[in-house]
Amino acid sequence: MTHRQKPFSAGRSVLTYLTALGALAGAALVGAAPAGAVPGSTRLAPGVTYRQFDITAAKGVTHAHVVVVDLRTAHVRVNLLYPGAVAARQPVSRLADSAGAVAGVNGDFFNITETQHPGVEATGSTDGPAIANGVALKAAVPDGQRFGPALPPGTNTRNVIGVGVDRVARLDSLTLSGSVRTPHGRLTLGGFNQYALPENSIGAFTAQWGGVSRVRATCGTDTNRAGACSANTYEVTVRGGRVVSSATTPGSGAIAAGTTVLVGREAGAQRLRKLVAGERVKVQHRLVAARSGVPYRFALGGYPVLRKGQPPAGLDDTTSAVRTAVGIADGGHRLVLFATDGAVAYRSGLTIAEVAAQMRKLGSVDAFSLDGGGSTTLVARAPGASAVTVRNHPSGGAERPVPNGIGVFSTS
C-alpha cells in the first residue's frame, strides 16, 4: 500500500501538517475548499469535503480524518461498498476504486476468525443487516453470536445506519421477516445470508452469500458464540420453486442465481427433513424497519453511540482504540464519516464515549460506531486523481480486507 502522506508527528499542529501536506502533494491533492466549508477542508467533489485534525484524548493525542457529505447535493449519493458477495472481503481502497467512489470508510464488525471451532471456515461476513442499491443482502446474527466489543446497553445486532430513497440518513433497526411455504405447512425463516443462525431455526442462503461454507451458520448458541457446532443439521436446495436436492450437513460453493439453499439446525433440521425432491416450496424474506416507512437505498450494521444529541447510558469510557464512526447532522441531510489514525504516534486512540463526544462536536445529532482497530480505514480521491488514497495509517501497517463499508459517489 502506498501513502501520499508523510508519517505524522505527535508534536505537529494541524496547520503545520496541512501546510506540509500541501507542499508534498500540491494543489491537485489539497484542492480548494468550497464556500462555507470548515477552514482547512479539501473539496473532493461538489458536496463532499475532507479534513484532518488532532484530538487531545484521555490517553494522549490522536489524529482524526473526516469526510463530510451533503446529501442535498444533487450529484452526491451514498451506497454500500462490498465485494459482490456477503461472505467475502477486500481492502476499502479496492472496494472504493472498483465501485468508482470518491471516498469511503470501512463498515460493520465481522466473523474474522473461528479459532473456537477447529476446522470450521471463518466466513468474513458481517454481524448486522446490509442493504445495497435498495436490495437486502443479509440479516443480523443473534446478539450472542456477534464478533466485536461488547454492545452498549440497549443496542443489538439489528441496529443500522442507512440512507433512504428520500436521500435522508437515519439510525434504525432492521428485522428479518420471512417464511418457507411447503406442502407440510408454513415454516418461519430465522436467518438470511448470515454466518450464525438462531438455535432450532432455518436459514436461507442465496447467490448473494458467495461460495464460503455454510457450516459456520450451525455453530455456537444464541448466547455463546464459542458453543459447539450442532450435530443435528439438514440442508435443502430449492430451484425454480421446487426441492432439487438435500444433504445431512451444510455445504459450500457458489449458489446459482434463482436458487435458495435452506439450512436447518436442531428443530429446524427436523422440519426440513420432511421435504422431498420435486415438492413445491416458496421462500420469502425481507428486512422490516422499526422506525422508517421509507425504503433504504443502503444500510449496514454497527451500534449507536449518539441519539438525538445524547450518548446512550453505559458507553465505555475506559478502553481506547483506533475507531471508525459515522454521524448524522442537519436532519439527516449530512453524513460525517470519521476515522482515527493508526500510526504509532496516535494509536492510543479514543474510547467509545470520546467518539460520541467528538461526533457531537462535529455537528452530529446521531452517531454510529463501525468496526475499528486494524479495520479502520478512510479513503478519498483527490480531484483529478484516478484512484483513492488511504488517508489514515491502518494500525496493522496495511489495509485489512473487510466485508463492507460506506461509499460516497459523485456524478459531477
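Residues numbered from 1 in each chain as written. Predicted model: local features only at pLDDT ≥ 70, side-chain atom pairs only at ≥ 80, totals over all residues. Heavy atoms only, no water.

Draft legend 1. Just the overall build of the protein chain, in detail. Counting its regular elements, the protein chain contains five helices and 24 strands. A compact globule built from 412 residues should have a C-alpha radius of gyration of about 22 Å, and the protein chain, at 22 Å, falls within 12% of that. Counting only C-alpha atoms and orienting by the principal axes, one finds that the protein chain spans roughly 70 × 40 × 40 Å. For the protein chain, with 412 residues in total, the buried portion stands at 54%. The contacts in the protein chain between residues at least 6 apart in sequence include a share of 71% that link residues at least 24 apart. Put simply, the protein chain shows about 15,700 Å² of open surface, and 52% of that area lies on carbon and sulfur atoms. (Helix = DSSP H or I, 4+ residues; strand = E, 2+ residues; numbered from the N terminus. Rg over C-alpha atoms; globule rule 2.2 N^0.38 Å. Buried < 20%, exposed > 50% of the residue type's maximum accessible area, 1.4 Å probe, protein only. Contact = heavy atoms within 4.5 Å. Areas by Shrake-Rupley, 256 points an atom, 1.4 Å probe, with all protein chains shown as cover.)

Draft legend 2. Quick peek at the side chain of His-63. Its place among the elements puts His-63 in strand E3 (residues 60-70). The exposure class assigned to His-63 is buried, which follows from its relative accessible area of 1%. For His-63, the side chain forms a polar contact with the side chain of Gln-52, separated by 2.9 Å. (Polar contact = N/O pair within 3.5 Å; in protein donor to acceptor, adjacent residues only side chain to side chain.)

Draft legend 3. Fine view of the pattern of salt bridges. Counting across every chain of the model gives nine salt bridges. For the salt bridge of Arg-170 with Asp-166, the shortest nitrogen-to-oxygen distance reads 2.5 Å. Under the relative-accessibility criterion, Asp-166 is labelled partly exposed at 33%. Salt-bridge contacts for Glu-235 lead to Arg-214; the nearest nitrogen and oxygen are separated by 3.0 Å. (Salt bridge = Lys/Arg side-chain N within 4 Å of Asp/Glu carboxyl O.)

Draft legend 4. Structural context of the sheet that holds strand E24 (residues 405-410). Taken together, five strands build an open sheet; the order of strands is E4-E24-E5-E22-E23 and the sheet is antiparallel. In this open sheet, the two strands that pair with only one neighbour each are strand E4 (76-81) and strand E23 (389-390). Sheet topology note: the strand E5 (residues 103-106)/strand E22 (residues 378-380) ladder contains three bridges and is antiparallel. Within the sheet, the bridge partner assigned to Ala-103 lies in E22 and is Ala-380. (Pairing = 2+ DSSP bridges.)

Draft legend 5. Examining helix H5 (residues 352-361) more closely. The set of residues buried in H5 consists of Ile-352, Glu-354, Val-355, Ala-356, Gln-358 and Met-359. Of the surrounding secondary structure, the elements contacted by the buried residues of H5 are strand E2 (48-57), strand E18 (303-306), strand E19 (324-329), strand E20 (334-340) and strand E21 (366-370). Backbone geometry just after H5 places Gly-363 at a positive phi near 100°.

Draft legend 6. Local environment of the state of the cysteines. A complete count under the given rule lists one disulfide for this structure. In this model Cys-219 forms its disulfide with Cys-229; the gap between the sulfur atoms is 1.9 Å. Between Cys-219 and Cys-229 the sulfur-sulfur dihedral comes to about 90°; the bridge is accordingly right-handed. Of this pair, Cys-219 sits in the loop between strand E12 (202-205) and strand E13 (233-239) while Cys-229 sits in the loop between E12 and E13, and the two are 10 residues apart along the sequence. Assessed through its relative accessible area of 0%, Cys-219 is described here as buried. (Disulfide = S-S within 2.5 Å.)

Draft legend 7. Spatial organisation of the packing of aromatic side chains. Following the criterion strictly, the structure yields three aromatic pairs and no others. Between Phe-109 and Tyr-303, the aromatic rings sit 6.0 Å apart at their centres with planes inclined by 15°, giving stacked as the arrangement. One end of the pair, Phe-109, is in the loop between E5 and strand E6 (130-132); the other, Tyr-303, is in strand E18, with 194 residues separating them in the sequence. For Phe-109, a relative accessible area of 5% gives the class buried. Judged by relative accessible area, Tyr-303 falls into the buried class, the value being 2%. With a centroid separation of 5.1 Å and an interplanar angle of 85°, the aromatic rings of Phe-205 and Trp-209 are classed as edge-to-face. A relative accessible area of 1% means that Phe-205 is categorised as buried. The ring of Tyr-50 carries the charged tip of Arg-391 above its face, separated from the ring centre by 4.8 Å. (Phe/Tyr/Trp six-rings, centres within 6.5 Å; stacked < 30°, edge-to-face > 60°. Lys NZ or Arg CZ within 6 Å of the ring centre and 35° of its normal.)

Draft legend 8. Just the side chain of Glu-266, in detail. Mapped onto the elements of the fold, Glu-266 is located in the loop between strand E15 (259-265) and helix H4 (267-272). Judged by its relative accessible area of 19%, Glu-266 falls in the buried class. Polar side-chain contacts of Glu-266 include one of 2.8 Å to the backbone nitrogen of Asn-200. With sequence-adjacent residues up to four places away left out, Glu-266 is seen in contact with Glu-199, Asn-200, Ser-230 and Asn-232.

Draft legend 9. Quick peek at the nonpolar core. In terms of nonpolar packing, the biggest core is built from 47 residues, with Val-67, Leu-335 and Ile-406 touching the most fellow members. Not counting residues up to four positions away in its chain, the partners in contact with Ile-406 are Val-78, Asn-79, Leu-81, Ala-103, Gly-104, Val-105, Phe-298, Leu-300, Val-326, Leu-337 and Leu-370. (Core = buried A, V, L, I, M, F, W, Y, C linked by side-chain atoms within 4.5 Å.)

Draft legend 10. Representation of the confidence of the model for the protein chain within the structure. Overall, the predicted model of the protein chain reaches an average pLDDT of 91, with 91% of residues at or above 70. pLDDT under 50 marks residues 1-36. Its contacts with residues more than four places away, or in other chains, come to 71 contacts. (pLDDT = per-residue confidence, 0-100.)

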